[in-house]
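Remarks on the overall topology
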Amino acid sequence: MTIVNIKESNIKKIDKLIQTQRVVCYYYSDNCPYCIVIKSTWAEICDKYKRNCNVTIININRKFMNFMNPNNHVNMVPSIITYNKGAKVSEFSDNRDKENFVKYIENNIRLANSENNMVKSKKPLKKLKDSKKPVKKLKDSKKPLKKNTKTNKKKNTKKSVK
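In this report, we go over the structure that sits alongside the text. (Residues numbered from 1 in each chain as written. Predicted model: local features only at pLDDT ≥ 70, side-chain atom pairs only at ≥ 80, totals over all residues. Heavy atoms only, no water.)

1. Describing the pattern of salt bridges
Opposite charge on two side chains permits them to pair, given that their charged atoms come into close proximity. Quick reminder of the rule: Salt bridge, as used here, is a side-chain nitrogen of Lys or Arg placed within 4 Å of a carboxyl oxygen of Asp or Glu. A run of H or I in DSSP counts as a helix once it spans at least four residues, and a run of E counts as a strand once it spans at least two, with each numbered from the N terminus. For every residue, the accessible area obtained with a 1.4 Å probe (protein chains only) is divided by the maximum for its type, and the residue is called buried under 20%, exposed over 50%, and partly exposed between those limits.
In this structure the tally under the stated criterion is four salt bridges. Here glutamate 99 makes a salt bridge to lysine 103, at a shortest N to O gap of 3.4 Å. Taken together, the residues glutamate 99 and lysine 103, both in helix α3 (residues 98-120) and four residues apart, mark about one turn of the helix. Look at glutamate 99 and you get exposed, because its relative accessible area is 53%.

2. Topic: the pairing of strand β5 (residues 87-91)
Selection rule: When DSSP finds at least two bridges between two strands, those strands are taken to pair.
Of the pairings in the sheet, the one linking strand β4 (residues 79-84) to β5 comprises four bridges and is antiparallel in character. When the sheet's bridge partners are listed, isoleucine 81 is paired in β5 with glutamate 91. Hairpin connection from β4 to β5: two residues lie between these consecutive antiparallel strands, with lysine 85 at a positive phi of about 50 degrees.

Rendered as structure tokens:
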């Protein structure tokens, strides 16, 4: 499930999604002139990401907000807010155009993926066996390195003999 449109029947489900996952919420109103202006652009964004399992976009009509958890309310529409397990992570504040919407969502996908990778990498590390071999110290020499042509010739002749 990547795109969810709020309805009276799924308000509790949406509240649960916001509390348990990383989600991008788009708050709008049918009467808001700014919401009407970006409606088709936002529909393109939703269409672009509807099959992307790395992001969940929730479209929330303001008329249903009073039935939702008060922590998920906004004062102004249109608003685009990202929540991670109920905590507000970021709010879109750039120019409202397709390019900036895509950048915002892509950034959230990258953050979600990096968070998932961090969680996966918290497995306990295997202990390395202690090596009993002595560590060779390198000599700190200021002399330039010389090519040892005699050893190279010996190696070459041995190889050709075989």
